[in-house]
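Coordinate inspection notes
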Amino acid sequence: MRLRKLELKDAPLMLEWMHDMEVTRNLKKNFSKFSIEDAEQFILHCQNEDKEIHRAVVSDEDEYMGTVSLKHIDNETESAEFAVVVRSEAMTKGYAWFAMTELLDLAFDKRKLSSVYWCVSKENHRAIRFYDKHYFGETFHVPQKVLHRYSGCENLKWYSVLAGDDYKGNIKNREQIAGCKVLSIKTIPTVNAGELSFFEERKDFSFSIKRIYYISKVPEGTRRGFHAHKELSQLLFCPYGKIQLVLDNGIEKEEIILNDPSIGILIDRPVWREMLWLEKNSVLCVAASDYYNTEDYIRNYEEFISYVKNRNES
Ligand code: T46
């Protein structure tokens, strides 16, 4: 997936979400009357990026998945408002989050803004779940100038990101994810010749490696996993690409992005896992403590919850 400027060819798929109640239900603007000409006009207008920046988030095949925007860019207060909308087709596949982080990079690195704000209706449970999941907390310090644009609108939840905030949930700053250790894999750079990473059993972690497997050629937006292991210990790492890992130990559920060959996640307890491929050709490698054994898998979430409950009680 990637961001690019909007093009006229995106208009039909843009119109698709505009007429999709599932997508527009809680949006401030009413898009239902938009025509293909309106969508094309919008695309033509947003070529001037002085006050607004709009980008298409597209698949690797260049299919339009949604729009992400910085609106009301105010160079005086160095602030802007953020918005993202994706087609139903693109939901739960990581497009919105990818688009958001790329655009925030652009806001802070290229446009040198200091703050970005946005709000959602408190009725918009899907959006609130999305922002909660990515650790965006409600903000109560919104400039009057920004609030003013929403006078008359009630029941809003405001968010903000300030320059320097860790909006990507930078894995390097985290020691553990849902109780699983974030392992720093020793990595040796060679001038102009890349880097070499390595780990050694019983030195970097306590188990012996009986099996190594890797998962490749996964289309972007695909989810795998949906299981836990009873006894198996594993070190997961992504030497190439970008994969979101969601870990749930039955009490807390956390997610991280694996996109750094020098980071591994040590899963040495029953933890429910899901992996989402955010970039085509990403590779997930796993060093495991035991041979493949179907008996060790728990593939039913309710069963997993009662398994960890019984385990914690005994
Ligand atoms: C895990 C996550 C991170 C084998 O025959 N041998 C093996 O060593 C493995 C790992 C799998 N398989 C077979 C079993 C299935 O027929 O390969 C097929 C795909 O396995 P699965 O659907 O379990 O793949 P994922 O990506 O959901 O999960 C895998 C591992 O199975 C699991 O242990 O923690 O990666």
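In this report, the structure presented in the accompanying data block is examined.

The rules behind these values
All residue numbers refer to positions counted from 1 along the written sequence of the respective chain. Owing to the predicted nature of the model, reporting of local features is limited to residues with pLDDT of at least 70; listing and counting of side-chain atom pairs is limited to 80 or more, with chain, interface and lining totals taken over all residues. Values shown for side chains rest on all heavy atoms present in the structure; no hydrogens or waters enter the calculation. In this analysis, strands are considered paired if DSSP registers two or more bridges between them. Only DSSP runs of H or I covering at least 4 residues are called helices, and only runs of E covering at least 2 are called strands; the numbering of each starts at the N terminus. To obtain each axis, a line is fitted to C-alpha atoms, and for helices this fit is confined to the stretch in contact; angles are then taken between N-to-C directions over 0 to 180 degrees. By the convention used here, residues are in contact when the closest approach between their heavy atoms is within 4.5 Å. As used in this record, nonpolar core signifies buried Ala, Val, Leu, Ile, Met, Phe, Trp, Tyr and Cys residues forming a set joined through side-chain atoms within 4.5 Å. Partly exposed describes any residue whose relative accessible area lies between the buried limit of under 20% and the exposed limit of over 50%, with all areas from a 1.4 Å probe on protein chains only and scaled to the type maximum. Definition used for salt bridges: Asp or Glu carboxyl oxygen within 4 Å of a side-chain nitrogen of Lys or Arg. To estimate the expected span of a helix, subtract one from its residue number and multiply by 1.5 Å. Pairs of N or O atoms are called polar contacts if they sit within 3.5 Å, as long as, within protein, a hydrogen donor faces a hydrogen acceptor (for residues adjacent in sequence, only side-chain-to-side-chain pairs). Each residue is tested against the molecule or strand, and it is near if at least one of its non-hydrogen atoms lies within 4 Å. For every accessible area listed, the method is Shrake-Rupley and the probe measures 1.4 Å; residues are considered covered only by the protein chains on display.

What follows covers the sheet that holds strand E3 (residues 64–74). Across the sheet, which stays open at both edges, the six strands sit in the order E1-E2-E3-E4-E5-E6 with mixed pairing between neighbours. Sheet topology places strand E1 (2–5) and strand E6 (156–162) at the edges, where each strand pairs with a single neighbour. Between one strand axis and the next, the sheet turns through 30° on average, direction left out of account. Two elements, strand E4 (residues 79–86) and strand E5 (residues 115–121), share three bridges in a ladder whose sense is parallel. Each residue of the ladder has a partner; that of Ala-80, found in E5, is Val-116. Across the sheet, helix H4 (residues 95–110) is in contact with E1, strand E2 (53–58), E3, E4, E5 and E6; its angle to E2 comes to roughly 145°.

In this section: the sheet that holds strand E17 (residues 272–277). Read from one edge of the open sheet, five strands run E15-E14-E17-E12-E19, paired in antiparallel fashion. Strands with a single pairing partner mark the edges of an open sheet, and in this sheet they are strand E15 (253–258) and strand E19 (297–298). Strand direction decides the pairing type here: strand E12 (residues 223–229) and E17, joined by four bridges, are antiparallel. Along E17, the bridge assignment pairs Arg-223 with Leu-276.

Residues Trp-118 and Tyr-131 are the most contacted members of the largest nonpolar core, which totals 54 residues. Per element, the largest residue contribution to this core is 11 residues, and it comes from H4. Look past the residues within four positions of Trp-118 in its chain and what remains in contact with it is Phe-82, Met-100, Tyr-131, Phe-136, Lys-157, Trp-158, Tyr-159, Ser-160 and Val-161. Within the second largest apolar cluster, 21 residues are counted, among which are Ile-215, Leu-245, Val-271 and Leu-284.

A positive phi angle, near 65°, is found at Thr-92, a position not held by glycine. Note on placement: Thr-92 falls in the loop between E4 and H4. Phi is positive for Asn-192, which is not a glycine, with a value near 55°. Inspection of the secondary structure puts Asn-192 in the loop between strand E9 (186–189) and strand E10 (195–198). Accessibility expressed as a relative area gives 83% for Asn-192, which makes it exposed.

Per the stated rule, a full pass over the model turns up 20 salt bridges. Note that Asp-10 and Arg-4 form a salt bridge whose closest N and O atoms lie 2.9 Å from each other. Look at Asp-10 and you get buried, because its relative accessible area is 2%. For Arg-4, a relative accessible area of 8% corresponds to the buried category. We note a salt bridge from Arg-87 to Glu-16, for which the minimum N-O separation is 3.1 Å.

Taking 1.5 Å per residue, 13 residues should reach 18 Å; helix H7 (residues 301–313) reaches 18 Å between its end C-alpha atoms and fits that length. The opening residue of H7 is Asn-300, an N-cap whose side-chain oxygen sits 3.0 Å from the backbone nitrogen of Glu-302.

The next subject is the site of the ligand. Near the ligand there are 13 residues, and of these Arg-211, Arg-224, His-229, Gln-234 and Tyr-297 occur at the shortest range. One nitrogen or oxygen atom from the side chain of Arg-224 is found 2.7 Å from an oxygen atom belonging to the ligand. Interatomic distance of 2.9 Å between a side-chain N/O atom of Arg-299 and an oxygen atom of the ligand. For the ligand, whose unbound accessible area comes to 650 Å², protein coverage reaches 69%. Contributions of two or more residues to the shell around the ligand are made by strand E11 (211–215), E12 and E17. It is E12 that contributes the most residues to the shell around the ligand, four residues altogether.

Time to look at the environment of Ala-99. Structurally, the position occupied by Ala-99 is in helix H4. Not counting residues up to four positions away in its chain, the partners in contact with Ala-99 are Leu-3, Val-57, Val-68 and Val-84.

Across the six residues of E17, six count as buried, placing the element largely inside the fold. Residues Trp-272, Glu-274 and Leu-276 line one face of E17 and the alternating positions Arg-273, Met-275 and Trp-277 line the opposite face, and both faces are buried. For strand E14 (residues 243–248) and E17, the ladder comprises six bridges, and the chain directions are antiparallel. Looking at the pairing, Asp-248 lines up with Trp-272 of E17.

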